[in-house]
Amino acid sequence: MSDITTDITSTTSNDDLASRLTHPRFPRSSRYDARWTIENQMGPNALWLLEWLAPALGLEELRPGARVLDLGCGRAMTSVFLAREYDVQVTAADLWVKPDENAARIAEAGVADRVLPVFAEAHDLPFGEGTFDAIVSIDAYQYFGTNDLYLPTLTRLLKPGGRIGVVMPALREEPEGDEPPAHLKEYWQKDPGFWAFHSPAWWRRLWARSRAVEVEAADWLDDGWRDWLLWSEVCAEESPSEFMAEMARWSVELMHADVEHVLGFARVVGRRL
């Protein structure tokens, strides 16, 4: 089993890489092997975003063995992090990455007894009402959660009083009218998926009017664009997958094009009523 939290100074060839990705805001994440995070990334740095979410979601308050759904877990980095850092039982649900692939990563990380990988689509989750103490979704909720009717169907899986917390790419403020930010219009034209990026205020309103949760947080990561750019620059240089390296280069281009810094990350937390 490889140690994914090895001392960042223990491998000489990785010193520079680890130094670039050691972030003062995210000390827990900085203990994880930099190459492991790059090899398993599927977008913005999921561990940084989860560590930002953790205090608002109250992860430290969960009892050992509490059940957490990691929805849209990707390559299960966040699920491993949840199990190792907070001693919880994690259901790692994803549509794009096969459970067998995640099972190998989870076992290598030493948490096979605490993380169960499953294949699941966000609108067809095979779990009973009140199954989970908390639900987490990092860099995924925007793909399925913008529908007005979605949150109540998801939060029924929470125990009464349980929390849901999500972090996703976002806009600092909603554009006026039907046009995207002018300096980023070409990106919206190439990929209509950008319309799923919304402001913290937009997400607060959507969740509040659902009457499914009490919204406890809906805020913006200060200078999140800097983190997005730094991570993308490193992944563009170091990713072993040409596809992921190309995606990272595209993100670098996007961050440089966003001269007004309207792109970043939103954090939303709600407690089931």
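Scroll up to find the structure.
These lines cover the structure that appears in this document, whether it is placed above or below.

**Section: the overall build of the chain**
- When you go through the chain residue by residue, the secondary structure sums to 10 helices and 7 strands.
- For 273 residues, the compact-globule formula gives about 19 Å, and the C-alpha radius of gyration of the chain, at 18 Å, lands near that figure.
- Its C-alpha atoms give the chain principal-axis dimensions of about 55 × 45 × 30 Å.
- Here the chain holds 273 residues, and the buried ones make up 54% of them.
- If you take every contact in the chain between residues at least 6 apart in sequence, the share linking residues at least 24 apart comes to 76%.
- Roughly 12500 Å² of accessible area belongs to the chain as shown, and the carbon and sulfur atoms make up 51% of that amount.
- Considering the chain, the positive charge centre built from 27 side chains and the negative charge centre built from 44 side chains are found 6 Å apart.

**Details of empty space enclosed by the protein**
- This model, assessed by the stated rule, comprises 4 cavities of 30 Å³ or more.
- Here the largest cavity is characterised by a volume of approximately 90 Å³.
- As for the largest cavity, its lining consists of 13 residues, and the residues nearest its centre are Leu21, Ser29, Ser30, Tyr32 and Ala34.
- Elements that contribute at least two residues to the lining of the largest cavity include exactly helix H1 (15–21), helix H2 (34–39) and helix H3 (46–57).
- Classifying every residue of the lining of the largest cavity gives 8 nonpolar, 5 polar and no charged.

**A short note on unusual backbone geometry**
- In this model, Ala76 sits at a positive phi of 70°, which is unusual for a non-glycine residue.
- Assignment of secondary structure puts Ala76 in the loop between strand E1 (67–71) and helix H4 (77–86).
- One non-glycine residue with positive phi stands out, namely His261, at about 55°.
- By the element assignment, His261 lies in the loop between helix H10 (242–257) and strand E7 (263–272).
- The exposure class of His261 is partly exposed, given its relative accessible area of 28%.

**Remarks on the nonpolar core**
- Residues Leu21, Leu50, Leu53, Leu82, Ile138, Leu184 and Leu263 are the most contacted members of the largest nonpolar core, which totals 62 residues.
- A total of 9 residues in this core trace back to one element, the largest contributor, which is H3.
- Look past the residues within four positions of Ile138 in its chain and what remains in contact with it is Ala46, Leu49, Leu50, Leu53, Leu71, Gly72, Thr78 and Val167.
- Grouped together as the second largest cluster of nonpolar side chains are 31 residues, Ile164, Trp203, Leu206 and Val215 included.

**Thoughts on the sheet that holds strand E2 (residues 89–94)**
- Strand order across the open sheet formed by 7 strands is E3-E2-E1-E4-E5-E7-E6, with mixed pairing between neighbours. In the strand order of this sheet, the two ends are held by strand E3 (115–119) and strand E6 (213–220), each with one partner. Adjacent strand axes in the sheet meet at a mean angle of 15° when their direction is disregarded.
- Inspection of the sheet shows E6 paired to E7 by 7 bridges, in the antiparallel sense. Residue pairing across strands places Asp219 opposite Arg267, the latter belonging to E7.
- Contacting strand E5 (158–171), E6 and E7, helix H8 (residues 200–210) runs over the sheet at an angle of about 175° to E6.
- Its contacts with the sheet put helix H9 (residues 224–238) on E5 and E7, and the angle it makes with E7 is roughly 115°.

**Focus on H8**
- Here H8 has its buried residues at Pro200, Trp203, Leu206, Trp207 and Ser210. Down the axis of H8, the buried set is contained in an arc of 130°. They therefore lie on one face. Of the exposed residues in H8, those oriented more than 90 degrees away from the buried face are Ala201 and Arg205.
- Close packing links the buried residues of H8 with helix H6 (150–155), E5, E6 and E7.

**Some words on the packing of aromatic side chains**
- Overall, the coordinates contain 19 aromatic pairs when judged by the stated rule.
- Seen from their ring centres, Tyr141 and Trp207 are 5.8 Å apart, and the 75° between their planes marks the pair as edge-to-face. Within this pair, whereas Tyr141 is found in the loop between strand E4 (132–138) and H6, its partner Trp207 is found in helix H8, the two being separated by 66 residues in sequence. Per residue, the accessibility class of Tyr141 equals that of Trp207, and both read buried.
- Members of the aromatic cluster, connected to one another through ring pairs, are Tyr141, Phe144, Tyr150, Trp202, Trp203 and Trp207.

**Observations regarding the layout of surface pockets**
- Space inside the largest pocket adds up to approximately 1200 Å³.
- Looking at the lining of the largest pocket, the elements with two or more residues in it are H4, E2, H9 and H10.
- Per-element tally for the lining of the largest pocket: the top contributor is H10, with 8 residues.
- Looking at side-chain class alone, the lining of the largest pocket contains 29 nonpolar, 11 polar and 6 charged residues.

Here is what the cut-offs are and how they apply
- Residues numbered from 1 in each chain as written.
- Predicted model: local features only at pLDDT ≥ 70, side-chain atom pairs only at ≥ 80, totals over all residues.
- Heavy atoms only, no water.
- Helix = DSSP H or I, 4+ residues; strand = E, 2+ residues; numbered from the N terminus.
- Rg over C-alpha atoms; globule rule 2.2 N^0.38 Å.
- Buried < 20%, exposed > 50% of the residue type's maximum accessible area, 1.4 Å probe, protein only.
- Contact = heavy atoms within 4.5 Å.
- Areas by Shrake-Rupley, 256 points an atom, 1.4 Å probe, with all protein chains shown as cover.
- Lys, Arg positive; Asp, Glu negative; His and termini not counted.
- Charge placed at Lys NZ, Arg CZ, Asp CG, Glu CD.
- 1 Å grid on protein atoms, 1.4 Å probe; cavity = no way out; pocket = protein on both sides within 12 Å on 5 of 7 lines; lining within 4 Å.
- Points joined across faces, edges and corners; volume = space filled by probe spheres on them.
- Nonpolar A, V, L, I, M, F, W, Y, C, P; charged D, E, K, R; others polar.
- Core = buried A, V, L, I, M, F, W, Y, C linked by side-chain atoms within 4.5 Å.
- Pairing = 2+ DSSP bridges.
- Axes fitted to C-alpha atoms, helices over the stretch in contact; angles between N-to-C directions.
- Arc of directions from axis to C-beta.
- Phe/Tyr/Trp six-rings, centres within 6.5 Å; stacked < 30°, edge-to-face > 60°.

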